[in-house]
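Working through the structure, step by step
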Amino acid sequence: MELTILTPEDLQNLKQEILNEIRAGFSAAASSSQADTYLTSEQVCEILGVSSKQFQKYRNERRIAFSQFGRKIYVKRSDLDRFLEAHRIEARH
């Protein structure tokens, strides 16, 4: 049997490393699950800052991917992020 003695500082550093790894794992899981969530039409309009008519125009023109169940429209968060990135305008330097 092997016995290892840690100083209080070493123990604190070890605890901090473990906490950082746990936080990183939770952060990665949260960001991947957030990308797969679906947003309602109202949420999408609010994020984009457009009216429901403008959002309907985007859908009609197939500019943004969506799912429809009856009258309800849903947009995957990752599709909305992709749409926003495609319309990004770089800053001048």
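Residues numbered from 1 in each chain as written. Predicted model: local features only at pLDDT ≥ 70, side-chain atom pairs only at ≥ 80, totals over all residues. Heavy atoms only, no water.

1. Thoughts on unusual backbone geometry
Counted only if it meets this: Only runs of H or I of at least four residues qualify as helices and only runs of E of at least two qualify as strands under DSSP, and these elements are numbered from the N terminus.
Even without being glycine, R62 reaches a positive phi, approximately 55 degrees. Mapping R62 onto the fold places it in the loop between α3 (52-60) and β2 (67-69).

2. A word on the nonpolar core
Here is the rule: Joining through side-chain atoms within 4.5 Å is the link that ties buried Ala, Val, Leu, Ile, Met, Phe, Trp, Tyr and Cys residues into a set, and such a set is a nonpolar core. Only protein chains enter the accessibility calculation, which uses a 1.4 Å probe; a residue whose area is less than 20% of its type maximum is buried, one above 50% is exposed, and one in between is partly exposed. Contacts are residue-level and defined by heavy atoms, with any inter-residue pair within 4.5 Å sufficient.
Core analysis: the biggest nonpolar cluster contains 11 residues, these being L39, V44, C45, L48, F55, Y58, I64, I73, V75, L80 and F83. Elements supplying a minimum of two residues to this core: α2 (41-48), α3, β3 (72-76) and α4 (77-86). Among the elements that line this core, the one with the most residues is α2, at three residues. If we ignore the near neighbours within four places in the chain, the residues touching I64 are F55, Y58, R59, V75, L80 and F83.

3. Observations regarding the packing of α2 against α3
Rules: All axes here are fitted lines through C-alpha atoms, helices being fitted over the stretch that makes contact, and every angle between N-to-C directions spans 0 to 180 degrees. Each angle is binned into one of four classes, with values under 35 degrees roughly parallel, values over 145 roughly antiparallel, values of 65 to 115 roughly perpendicular, and all other values oblique. Note that Gly is not counted as nonpolar here; it falls among the polar residues with everything else outside the nonpolar set of Ala, Val, Leu, Ile, Met, Phe, Trp, Tyr, Cys and Pro and the charged set of Asp, Glu, Lys and Arg.
The interhelical angle for the contact between α2 and α3, taken along N-to-C directions, is 100 degrees, at an axis separation of 10 Å. With respect to each other, α2 and α3 are oriented roughly perpendicular. Contacts from S41, V44, C45 and L48 in α2 reach S52, F55 and Y58 in α3. Of the residues belonging to the contact of α2 with α3, the class tally is five nonpolar, two polar and no charged.

4. A word on α3
Cut-off, in case you're wondering: The directions from the helix axis to the C-beta atoms form the arc being described.
Within α3 the residues assigned to the buried category are F55, Y58 and R59. Angular distribution of buried residues about the axis of α3 spans 100 degrees; they occupy a single face of the element. Away from its buried face by more than 90 degrees, α3 exposes K53 and N60. Directly beyond the C-terminal end of α3, a positive phi value near 55 degrees is found at R62.

5. Some points on the pattern of salt bridges
The criterion, for reference: The rule for a salt bridge is simple: a side-chain nitrogen of Lys or Arg has to be within 4 Å of a carboxyl oxygen of Asp or Glu.
A complete count under the given rule lists five salt bridges for this structure. With a closest N to O distance of 3.6 Å, E61 and R63 form a salt bridge. Across the pair E85 and R88 runs a salt bridge whose closest N-O atoms are separated by 3.9 Å. You can call R88 exposed: its relative accessible area is 52%. Three or more residues joined by partner-sharing salt bridges are found here, namely E85, R88 and E90.

6. Section: the sheet that holds β3
Rules: Only strands that DSSP links by at least two bridges are regarded as paired with each other.
If you walk across this open sheet you meet the three strands as β1-β3-β2, and the pairing is antiparallel. Both outer strands of the open sheet, β1 (38-40) and β2, are each paired with one neighbouring strand and no more. Ignoring which end each strand starts from, the neighbouring axes of this sheet average 35 degrees apart. With three bridges connecting them, β2 and β3 associate as antiparallel partners. If you follow S67 over to β3, its bridge partner there is Y74. Of the strands in this sheet, β1 and β3 are in contact with α2, which crosses β1 at around 85 degrees.

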